[in-house]
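# Chains, contacts and geometry: an overview
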Amino acid sequence: MAKRFDVIIFGATGYTGKYAIRNAIEILKGMQWAVAGRTKSKLEKTLRDSGRKMNADLSKIPILIADVADEKSIQEMVKQAKVIVNCCGPYHLYGEVVVKACVENGTSHVDVSGEAQFIEKMMLKYGDAAREKEIFIISCCGIESIPAELGIFYAQQKFNGTINSVETYMRFYFEKGFRPNGPSLNFGTYHSAIHAIGAFLESQKLRKLLHPKPMPSLQPKLKNRFVHCEEAV
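Here goes a summary of the coordinates provided. (Residues numbered from 1 in each chain as written. Predicted model: local features only at pLDDT ≥ 70, side-chain atom pairs only at ≥ 80, totals over all residues. Heavy atoms only, no water.)

## Looking at the side chain of Thr107
By the element assignment, Thr107 lies in the loop between α5 (96–105) and β5 (108–111). For Thr107, a relative accessible area of 0% puts it in the buried group. Discounting residues that sit within four places of it in the chain, Thr107 has contacts with Lys3, Val78, Ala81, Lys82, Val83, Ile84, Cys102 and Ile135. (Helix = DSSP H or I, 4+ residues; strand = E, 2+ residues; numbered from the N terminus. Buried < 20%, exposed > 50% of the residue type's maximum accessible area, 1.4 Å probe, protein only. Contact = heavy atoms within 4.5 Å.)

## Some details on the pairing of strand β1 (residues 5–10)
For a regular strand, side chains alternate in direction, first toward one face of the sheet and then toward the other. Within β1, five of the six residues are buried, which leaves it mostly tucked inside the rest of the structure. Sheet analysis places β1 next to strand β4 (residues 81–86), joined by five bridges and oriented parallel. Each residue of the ladder has a partner; that of Phe10, found in β4, is Asn86. In the sheet, β1 pairs with strand β2 (residues 33–37) via four bridges, with the strands oriented parallel. Across the sheet, Ile9 pairs through a bridge with Val35, a residue of β2. Following the chain from β1 across helix α1 (residues 15–27) to the adjacent parallel β2, one finds a crossover that is right-handed. (Pairing = 2+ DSSP bridges. Right-handed = clockwise from strand over helix to strand, strands pointing away.)

## Things to note about the packing of helix α6 (residues 116–133) against helix α9 (residues 200–210)
The interhelical angle for the contact between α6 and α9, taken along N-to-C directions, is 30 degrees, at an axis separation of 9 Å. The angle between α6 and α9 places the two elements in the roughly parallel class. Between α6 and α9 lies a crossing whose hand is left-handed. Residues Ala116, Gln117, Glu120, Lys121, Met123 and Leu124 of α6 form the contact with α9, whose participating residues are Glu202, Ser203, Leu206, Arg207, Leu209 and Leu210. The class makeup of the residues in the contact of α6 with α9 is six nonpolar, two polar and four charged. (Axes fitted to C-alpha atoms, helices over the stretch in contact; angles between N-to-C directions. Parallel < 35°, antiparallel > 145°, perpendicular 65-115°, else oblique. Left-handed = near helix turned anticlockwise from the far one by under 90°. Nonpolar A, V, L, I, M, F, W, Y, C, P; charged D, E, K, R; others polar.)

The structure is reproduced here in structure tokens:
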């Protein structure tokens, strides 16, 4: 069955979903894309607010209703897309039903999860089926992953030798008035972080199943270095 949309942003009314919409305006220009979530009125408001902020008319962007508590609605959404951008977390609670539907319907799946337990569990359960369907199930498409990966690839290309380790640094800039009381942590991110700590031992077991052969030892061994920062940058 022909896919109706190139991309559907699922969980579009959430913290991450709103940023995905703003970026989609440029990145998905010329493509057929839609937004999806539980509540039509909230999706409409999100499109209006994002359009106003980005000076773009999003009134024609299609809206689909889908809820992780209703697997049939997820299946109907996934059938219409080539790619699902899944912004509905925490993923250990709400992610698998979307991944499962994507694999069953030949739809690629992208999310911003940094939850090791969820990521490795999905690889074990659906990795082979995804390869057979020739689709991608991609996690970690977030700020702590993509810049680091690209930086390492760049260093490998430009460094005349074997890279032993790479140190990365990050600086945050906040819009004036964005957070009057200083930086804060999104609740979904906080929830995921707490669960990741609690699921550490299970993650180690999953990792051994994924990689039964130990990785080769990197030489020379580097000593740990502890750097004290006088002030945050």
